[in-house]
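# Chains, contacts and geometry: an overview
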Amino acid sequence: MAALEGAHTYDARRGAPLAWLYGISRNVIHTHFRGTARERHLMVRISGRRLLDEEDVSAIERRIDADRAARGLACAHAALSEPLRAVLDLVALDGLTAREAAQALGISSATARVRLHRARKALRTAGQAHDATRSALLEAAQ
């Protein structure tokens, strides 16, 4: 078919008709094998992998959202003043009570409770701002 379609391009000054036909057949075979090789290469790349379904996509989206929230929380934690962060870390991370944290820091129990309250409030406020920003982005995307 390629020879019939390209018959108008044959030039007798460039060589014998048999050479022209061999050239066409060489190009057709080369194109076929190149396409087959490309297909094989793609099959190797995707072999052993499965396509994602809706549940997988939802799980990935939840994980991305959780990572984003964790980064926001880490930034809000880093923005806390040192006294607030110290009490919060002792209570939330080390599992101490407010009274034990106060003793460890050498401050009164009331001061520790106030700092803990302020730290938690600052983190909640940062989380609410993050949620509001996320909601606005989702609405804009729709």
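Presented here is a report on the structure given in the accompanying data block. (Residues numbered from 1 in each chain as written. Predicted model: local features only at pLDDT ≥ 70, side-chain atom pairs only at ≥ 80, totals over all residues. Heavy atoms only, no water.)

## Considerations on the nonpolar core
- Ala-76, Leu-80, Leu-84, Val-87, Leu-88, Leu-90, Val-91, Ala-98, Ala-101, Leu-116, Ala-119 and Leu-123 form the largest nonpolar core, which has 12 residues in total.
- If you list the elements that add at least two residues to this core, you get helix H4 (82–93), helix H5 (98–105) and helix H6 (109–141).
- The element best represented in this core is H4, accounting for 5 residues. (Core = buried A, V, L, I, M, F, W, Y, C linked by side-chain atoms within 4.5 Å. Buried < 20%, exposed > 50% of the residue type's maximum accessible area, 1.4 Å probe, protein only. Helix = DSSP H or I, 4+ residues; strand = E, 2+ residues; numbered from the N terminus.)

## A word on the packing of H4 against H5
- Two elements in contact, H4 and H5, have axes whose closest approach is 9 Å; the angle formed by their N-to-C orientations is 130 degrees. Put simply, H4 runs oblique to H5. The interaxial crossing formed by H4 with H5 has right-handed handedness. In this structure, H4 contributes Ala-86, Val-87, Leu-90 and Val-91 to the contact, and H5 contributes Ala-98, Ala-101, Ala-104 and Leu-105.
- Looking at side-chain class alone, the contact of H4 with H5 contains 8 nonpolar, no polar and no charged residues. (Axes fitted to C-alpha atoms, helices over the stretch in contact; angles between N-to-C directions. Parallel < 35°, antiparallel > 145°, perpendicular 65-115°, else oblique. Left-handed = near helix turned anticlockwise from the far one by under 90°. Contact = heavy atoms within 4.5 Å. Nonpolar A, V, L, I, M, F, W, Y, C, P; charged D, E, K, R; others polar.)

## Focus: the pattern of salt bridges
- Applying the stated rule across the entire model yields 2 salt bridges.
- Arg-68 is the partner of Asp-65 in a salt bridge, and the nearest nitrogen-oxygen pair spans 3.2 Å. Separated by 3 residues within a single helix, Asp-65 and Arg-68 lie in helix H3 (residues 54–79), roughly one turn from each other.
- Residue class for Asp-65 comes out partly exposed when judged on its relative accessible area of 25%.
- Look at Arg-68 and you get partly exposed, because its relative accessible area is 37%. (Salt bridge = Lys/Arg side-chain N within 4 Å of Asp/Glu carboxyl O.)

## A short note on the side chain of Arg-85
- Residue position: Arg-85 is located in helix H4.
- Residue classification places Arg-85 among the buried positions, given a relative accessible area of 19%.
- A distance of 3.5 Å separates a polar atom in the side chain of Arg-85 from the backbone oxygen of His-77.
- A polar contact of 3.0 Å, which involves the side chain of Arg-85, links it to the backbone oxygen of Ala-78. (Polar contact = N/O pair within 3.5 Å; in protein donor to acceptor, adjacent residues only side chain to side chain.)

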